[in-house]
Amino acid sequence: MDGWTALLSCGGSGLDVETPLVFRGDPAGAFGTTVAQFGTSDDGWVLVGAPLERGGADETGAVYRCRFQSGSCQKVPVAGPPGAVNASLGLALAAGDGGVLACGPTSPQACGVNVHLNGFCVHLDCLQPLRRLPDAFPECPKSSMDIAFLIDGSGSIAPHDFNTMKTFIVEVMKRFQGADVQFSLTQFSHLLHDHFNFRTFRDQPDPALLLRSVQQLRGYTHTATAILHVLRQMFVPGRGARAGARRILIVVTDGKRYGDNLSYSDVIPLAESMAVTRYAIGVGSAFQERNAQDELQEIASSPTHDHVFRVDNFDALGDIQNQLQEKIFAIEGTQSAHSSSFQLEMAQEGFSALVTPEGPVLGAVGAYDWSGGVFVYGGGGAPTFVNVSRDLGNLGNLGDLGDLGDMHDAYLGTGARPGGSGAAPEAFWGVPEGPRALLGCLAGPRGLAGLALGAPRFRHLGRVLVFAPGATWKLLAEATGPQVGSYFGAALLPLQPRPGAAPALLVGAPQFYGGGGGGRVDVCEVSGKSRHLRCRQTLRGHPGHPLGRFGASLAHLGDLDGDGWPEVAVGAPLEDEGRGAVYLFRGTRGGISARDGQRTGSAFPSRPRFFGQALSGGRDLSGDRLPDVAVGAQGQVLLLRSQPLLKVTVAVTFEPRVVPASAFECPESEELRGPLATARICLVGAKKTPDSFGSQISASLWFRTQLDPGRLRPPRRFRLRRRRPERDRAGGGGAELPEPRHRLQ
């Protein structure tokens, strides 16, 4: 008789959901929007952001430190740079071995008629301020501008083209109405005529009226001499020029200079010394020649691709009005009734944050018309700004990133939080946080090896870019989202490096829809052979939650099951009609197992909402040598402890091993005289996790036995005798076996 079936195993929960520790705060202050674990069980904390909490006058936001031992929270004193008001402190938190970053990215700064949005982070060590990043907000740019037009009136320009050029000047001047801008106009050929200066314009600011009487001079093209005249005779106080105003010169010409005794090298150094920004507009077929193009570049300021315009004819001048206006406004980061353009004035530095061994990294989502970017602080000098905007400007140290497409409104580096401290030093540091974007860095054995940036609004698809640092930043790989509106790149988390395997990271797309579920997480690898991230695996939540936002937050949990590979958590804060859920996925040698993700809902006595909107894990804060995970919700943070695990092995032996058939040869009316065989079931438990409980752990095991389940004849009885459990040699607990009669089936 050898028909004993296999004993099925069942796994318990990796997290203790029965006895969570709940830290409470003000829901109206958005307590629980961000969380970050910091320190160890001896001196460890859960840091919690409350970015909408009202403090003193013009103060919003707070950061709290909550401790397991006391179960209470205290406010962390954090002061921003002078002038920081309504900064939404705590909207971004980051923690690592290098300390803590607490950030407030929404401090308004009034600059004339404009309001800029500055941000900052405070670098804390042992929760004591070390320094502010930046130490002070930038001063308001000079908002006033004096713009001098210098137009070509030589004989090579037809009369109707000259009138078209006048119309172009009028329309450009109208676009600056409402801004603090003065204009002057000088016409040149081999003659010079000042039609109006800055003082005249201030007295009569009607562009059409000022240009109505302008007549063409005709003659040769003495461009260099004309530039020198404007510099010496127009940008002077006697003509209405203002000492504190930006000086801009716009030159419009239809060809190369001709018959001029001066060269551009005679006049451009003076323009540079006077800080005059120069734009050159070339009109006509003459500028198809290389030497004519070089002449425009000599006139224009650097970088020339931002200060040179070429059109085929005068009728096409109207097509560059917007471009010229945007370029000029980019000097100021200002606006008028018609348009606006910004570089770093709306950057909101600190909207995301990351702690790396080389120094802090601060996201600046609003930089360059919300294309976004990051500031990398390191080495004690000025920070390096990294982005992929088409308007990089003169920021230095940016490298040739190639044609990466239009990044306007991509929100590069939007929201960020460190991906947890449970990863090895060679790991990717990711930045998941809420329904916002991310940044992260890839570290190698020799230090910082890469920086990953997420842009969830790139072309409405989302994008992730990975760069390698150096004297210039080099693009390593990129990936674009799979679905319009999916917000691909809203969260990013590295995976622990595997020997011989490519670095991998998790990329959240919380607004993805498919298969009846809302949100997904892609597992992407960085391959040195391709500039495209290889995203070949997908993690999904349970179906039936189309608006669940699965993947809105990500975190390392550490090794919960003792197999040497860390688990990860995925937040879905809008599942169950906004109550939220957190999923646990097991780590494997190959990366992450996409199957059997353990789901923890929000059925706690504290009744949290948006459970899983923020996650931080991987540290032992409770003193049991097991990693804990902090889960942010509306007005509360739940600290869930991981559970100690026993590895139970099952052995079944029979005595005798074979029951002879003759034992059953007896009259049907007679009962068997005694037991025919003994089956011994041994359950041996050994601790699988390195906890601090010693030999105090025991477990109750319930199991079901079936003997010869395929037998068709009526069942026979057998008796299961209970024996006292024996402690295993590793100090684990024995099994408590039930002792009811079981029936043969």
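Residues numbered from 1 in each chain as written. Predicted model: local features only at pLDDT ≥ 70, side-chain atom pairs only at ≥ 80, totals over all residues. Heavy atoms only, no water.

Some words on the overall build of the chain
No. 1: Within the chain, the secondary structure is distributed over nine helices and 44 strands.
No. 2: A burial count over the chain gives 52% of its 745 residues as buried.
No. 3: Considering only contacts within the chain whose residues lie at least 6 apart along the sequence, 61% involve residues at least 24 apart.
No. 4: Within the structure as shown, the chain displays about 33400 Å² of accessible surface, and the carbon and sulfur contribution to it stands at 49%. (Helix = DSSP H or I, 4+ residues; strand = E, 2+ residues; numbered from the N terminus. Buried < 20%, exposed > 50% of the residue type's maximum accessible area, 1.4 Å probe, protein only. Contact = heavy atoms within 4.5 Å. Areas by Shrake-Rupley, 256 points an atom, 1.4 Å probe, with all protein chains shown as cover.)

Considerations on the sheet that holds strand β4 (residues 60–66)
No. 1: Read across the open sheet, the four strands follow the order β2-β3-β4-β5; overall the sheet is antiparallel. Every interior strand has two partners, whereas the edge strands, β2 (34–38) and β5 (73–75), have only one. Direction aside, the axes of adjacent strands within the sheet are offset by 30° on average. (Pairing = 2+ DSSP bridges. Axes fitted to C-alpha atoms, helices over the stretch in contact; angles between N-to-C directions.)

Considerations on helix α6 (residues 290–299)
No. 1: Regarding α6, the residues found buried are Ala292, Gln293, Glu295, Leu296 and Ile299. Along α6, the residues classed as buried sweep out an arc of 150° about the axis, all on the same side.
No. 2: In the core, the buried residues of α6 are packed alongside α4 (223–233), β13 (246–253), α5 (268–273), β14 (276–283) and β15 (308–311). (Arc of directions from axis to C-beta.)

Here we look at the packing of aromatic side chains
No. 1: Inspection of every chain in the model, using the stated rule, returns 13 aromatic pairs.
No. 2: Ring geometry for Phe176 against Phe183: centres 5.9 Å apart, planes inclined by 75°, an arrangement best described as edge-to-face.
No. 3: Among the residues examined, Phe176 registers a relative accessible area of 3% and is labelled buried.
No. 4: Taken together, the ring pairs in this structure connect Phe149, Phe176, Phe183 and Phe201 into an aromatic cluster.
No. 5: Above the plane of the ring of Phe512 lies Arg520, whose end atom (NZ or CZ) is 4.5 Å from the centre.
No. 6: Taking NZ or CZ as reference, Arg609 lies 5.4 Å from the ring centre of Phe610, over its face. (Phe/Tyr/Trp six-rings, centres within 6.5 Å; stacked < 30°, edge-to-face > 60°. Lys NZ or Arg CZ within 6 Å of the ring centre and 35° of its normal.)

Looking at the sheet that holds strand β32 (residues 581–585)
No. 1: The strand order across the open sheet built from four strands is β30-β31-β32-β35, with neighbouring strands paired in antiparallel fashion. Two strands close off the open sheet at either side, each with one partner strand: β30 (553–558) and β35 (598–601). Adjacent strand axes in the sheet meet at a mean angle of 25°, parallel and antiparallel pairs treated alike.
No. 2: Where β30 and strand β31 (residues 567–572) come together, five bridges link them in antiparallel fashion. Bridging from a neighbouring strand, Ser553 pairs with Gly571 of β31.

Section: the confidence of the model for the chain
No. 1: The predicted model of the chain has a mean per-residue pLDDT of 80, with 80% of residues at 70 or higher.
No. 2: Scored below 50 in pLDDT, residues 443–448 shows 14 contacts in the model against residues more than four places distant or in partner chains.
No. 3: Confidence over residues 724–745 falls short of pLDDT 50; this stretch has 60 contacts with residues more than four positions distant or in other chains. (pLDDT = per-residue confidence, 0-100.)

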